[in-house]
Amino acid sequence: MKEFSNRFILFLFLADILFTELALYLAEMTRGVIPVGRESVGMSFLDLSIMLAVALFWAFFLRLFGAYDPRRLSGFVDEGRAVLLGTMAGMLALASFFYLFNVEFRSRILFTYFFAIDLALLLNYRLAARYIVRSLIAGGYTARRVVLVGATKVGRELAYIIRSQPWCGLVVVGFVDDDPILEEVDEGFQLLGNTNQLPHIIASHSVDDVIVALSSRDHEKIAEIVLSLQTHPVRVRVVPDLFEMVSVRAQVEDFWGVPLIGLRDPVITGFDRAFKRAFDLIISSILLLLLGPVMLLIAQAIKLDSHGPALFRQRRVGENGRLFWMYKFRTMVDGADKLIPTLEEKGVYANGVYKVKEDPRVTRVGHVLRRMSADELPQLFNVLRGEMSLVGPRPEQPWIVDRYEPWQRKRLSVMPGMTGWWQVNGRSDRPMFLNTEYDLYYIQNYSPILDLVILWKTIWVVLKGKGAF
């Protein structure tokens, strides 16, 4: 199903580092056996600092170019391309490391040996791992047990495809159907019962996945099935009978020509989540060290400009609806919330909108901080605490989340961020419903490269001050 387990992804990550370090050693050995070019005095590849730099560079760039992306791992051509680009970027980063730190290197031919050996090791071991994994899955190891809901033409076709491709890691336990006349499906496939018995069937047969293959006229039945399985530890997928169903905001997978819509797939999990968290910790720590003196000056300026604390905290809704205290520099007068009824009577606020360009509650220092987005800097502490990420949907107040439509709650499936896709595409100039669309785009298309693009664009958006008030 175009997925490798998180343990296999972790294995690839550790093996890449191990084989890359091995390539350093083999390059040194090859340089002694095939002494091409002029030898000079300098550091070798086996120096501890170089080995550590290589491990960090390769881990970062291989992940950056998708070498651990399950979607790319579904085909060896895409996987090989990701490994090639990541290795080339790592080589450039290593050369830059030597230049910036003025490292006198022993032989440039070592770079050629290292690149060729490392690429050969990474590609060949991955090819061997792919063959071994497929052989194990074809033999039934770590296979996922599947129940097909609906003995329709599409459902039966899908069952035969699963049977003909045993390495995909799926085993059909049987069918579930409400047709009272249907006593058996086809040879080799068992009819387990009707849809009302699904919870019992899932528990008694240790089912991992439920694939709904009902016809388009059974939309209400499909919805009932999905809702009834919310409390069960299974993944639910739907085979669309009509193409208009593909327009829903969900990720679509292709299983040998049969489109499957994932309704309850995790968003950012496993290695991606660990990588994103590590990136947040490193960058936020560096920023706090660099901007600490600036933040102290901002706090002092706020205290001198108006009465009240320098920091302002507010309840926000985080990942999966978890509440947390979000920190900001205070940009309004102390007790600004108490002034809302009076300002509503004067027509400053309307239709429940409390963020306007000319808000009389904003202080003089507050105007400057908002224009520069410097009031958001204390949220770096929220990032360190694991309540926020550097990039993600902006955390909303609970009363706003309470008014969400069901589709908007998808925003809560990832950790909120200091900046996001809608901030670099209009910021406060765009209405809320368009912001949600941008956030959902980010969630469905997350990658480390997209995070870097958003962070880079954020710098220019902040410098321009567009949409900030």
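Caption draft 1: Quick look at the overall build of the protein. The helix and strand tally for the protein stands at 14 helices and eleven strands. Pairs at least 24 apart in sequence give 72% of the contacts found in the protein among residues at least 6 apart. Carbon and sulfur atoms form 62% of the exposed surface of the protein, whose accessible area is close to 25100 Å².

Caption draft 2: Highlighting the packing of helix α2 (residues 48-64) against helix α3 (residues 76-100). Close contact between α2 and α3 brings their axes to 8 Å; oriented N to C, the two are set at 140°. Considering the angle they form, α2 stands oblique to α3. Here α2 runs over α3; the crossing is right-handed. The residues of α3 that touch α2, namely those facing I50, A53, V54, F57, W58, F61 and L62, are A82, V83, G86, T87, A89, G90, M91, A93, L94, F97 and F98. Looking at the contact of α2 with α3, its residues break down into 15 nonpolar, three polar and no charged.

Caption draft 3: Representation of the packing of aromatic side chains in the model. A full pass over the atoms with the stated rule returns 14 aromatic pairs. Relative to F97, the ring of F57 lies with its centre 6.1 Å away and its plane at 70°, an arrangement referred to as edge-to-face. Here F57 is found in helix α2, whereas its partner F97 is found in helix α3, with 40 residues between them in sequence. By relative accessible area, which is 21% here, F57 ends up partly exposed. With a relative accessible area of 18%, F97 lands in the buried category. Ring geometry for Y442 against Y446: centres 6.1 Å apart, planes inclined by 75°, an arrangement best described as edge-to-face. We note that Y442, like Y446, is buried. Cluster of aromatic residues (ring-pair linked, three or more members): F57, F97, F98 and F111.

Caption draft 4: How the structure looks around helix α7 (residues 219-228). Those residues of α7 that fall on the buried side of the exposure criterion are I222, I225 and V226. Down the axis of α7, the buried set is contained in an arc of 95°. They therefore lie on one face. Residues of α7 that are exposed and point more than 90 degrees away from the buried face comprise E220 and L227. For α7, the secondary structure elements touched by its buried residues are β1 (144-149), α6 (198-204), β4 (209-212) and β5 (235-238).

Caption draft 5: Up close: a nonpolar patch on the surface. A surface patch of nonpolar side chains, amounting to about 330 Å² of accessible area, comprises L22, Y25, M29 and L46. Mapped onto the elements of the fold, Y25 is located in helix α1 (residues 6-33).

Caption draft 6: View of the environment of G188. You can see G188 is positioned in the loop between β2 (170-176) and β3 (191-193). In this structure the C-alpha to C-alpha distance between G188 and R163, which are 25 residues apart in sequence, comes to 9.9 Å.

Caption draft 7: Representation of the environment of R235 in the model. Relative to the helices and strands, R235 is located in strand β5. A relative accessible area of 22% means that R235 is categorised as partly exposed. Between the C-alpha atoms of R235 and V207, which are 28 residues apart in sequence, the distance is 9.4 Å.

Caption draft 8: Inspection of the packing of α2 against helix α14 (residues 448-464) at higher detail. Two elements in contact, α2 and α14, have axes separated by 8 Å at closest approach and are oriented at 95°. Considered as vectors, α2 and α14 are oriented roughly perpendicular to each other. On the side of α2, the interface is formed by F60, R63 and L64, while α14 contributes P448, I449 and L452. Looking at the contact of α2 with α14 residue by residue, the classes come out as five nonpolar, no polar and one charged.

Caption draft 9: Main features of the pairing of β1. Pairing of β1 with β2 involves six bridges; the strand directions are parallel. Counterpart to R145 in the pairing with β2 is V171. Two elements, β1 and β4, share four bridges in a ladder whose sense is parallel. Looking across to β4, one finds that V149 is bridged to V212.

Caption draft 10: Main features of unusual backbone geometry. One non-glycine residue with positive phi stands out, namely S206, at about 50°. Note on placement: S206 falls in the loop between α6 and β4. Positive phi is not limited to glycine here, since N320 has a value of about 60°. Along the polypeptide, N320 turns up in the loop between β8 (311-317) and β9 (323-329). In this structure N320 comes out as exposed when scored by relative accessible area, which is 65%.

Caption draft 11: Structural view of the side chain of S306. Among the secondary structure elements, S306 is positioned in the loop between α8 (270-305) and β8. A polar atom in the side chain of S306 sits 3.0 Å from the side chain of R330. Apart from residues lying up to four places away in sequence, S306 is in contact with R330 and T363.

Caption draft 12: Quick peek at the side chain of S284. Along the chain, S284 falls in helix α8. Using a relative accessible area of 0% as the deciding quantity, one classes S284 as buried. Engagement of the side chain of S284 in a polar contact is seen with the backbone oxygen of L281, the distance being 3.3 Å. Setting aside its immediate chain neighbours within four residues, S284 contacts L380, V383 and L384.

Caption draft 13: Here's a closer look at the confidence of the model for the protein. On average, the protein scores 80 in pLDDT, and the residues at 70 or more come to 77%. Least confident of the elements in the protein is helix α9 (residues 340-345), whose mean pLDDT is 62; most confident is helix α11 (residues 379-384), at 96. Scored below 50 in pLDDT, residues 242-249 shows 13 contacts in the model against residues more than four places distant or in partner chains.

Caption draft 14: How the structure looks around the pattern of salt bridges. Using the criterion set out here, one finds 17 salt bridges in the structure. Across the pair D209 and R144 runs a salt bridge whose closest N-O atoms are separated by 2.5 Å. Here R144 lies in strand β1 and D209 lies in strand β4, a separation of 65 residues in the sequence. In this structure, E376 and K328 form a salt bridge, with 3.7 Å as the shortest nitrogen-oxygen distance. Residue E376 is located in the loop between α10 (364-372) and α11, and its partner K328 is located in strand β9; the two are separated by 48 residues in the primary sequence. A relative accessible area of 18% means that E376 is categorised as buried. One network of salt bridges, in which partners are shared, links D16, E79, R126 and R130.

Calculation rules
Residues numbered from 1 in each chain as written. Predicted model: local features only at pLDDT ≥ 70, side-chain atom pairs only at ≥ 80, totals over all residues. Heavy atoms only, no water. Helix = DSSP H or I, 4+ residues; strand = E, 2+ residues; numbered from the N terminus. Contact = heavy atoms within 4.5 Å. Areas by Shrake-Rupley, 256 points an atom, 1.4 Å probe, with all protein chains shown as cover. Axes fitted to C-alpha atoms, helices over the stretch in contact; angles between N-to-C directions. Parallel < 35°, antiparallel > 145°, perpendicular 65-115°, else oblique. Left-handed = near helix turned anticlockwise from the far one by under 90°. Nonpolar A, V, L, I, M, F, W, Y, C, P; charged D, E, K, R; others polar. Phe/Tyr/Trp six-rings, centres within 6.5 Å; stacked < 30°, edge-to-face > 60°. Buried < 20%, exposed > 50% of the residue type's maximum accessible area, 1.4 Å probe, protein only. Arc of directions from axis to C-beta. Patch = residues over 30% accessible without salt bridge, like charges linked within 9 Å, V, L, I, M, F, W, Y side chains within 5 Å. Salt bridge = Lys/Arg side-chain N within 4 Å of Asp/Glu carboxyl O. Pairing = 2+ DSSP bridges. Polar contact = N/O pair within 3.5 Å; in protein donor to acceptor, adjacent residues only side chain to side chain. pLDDT = per-residue confidence, 0-100.

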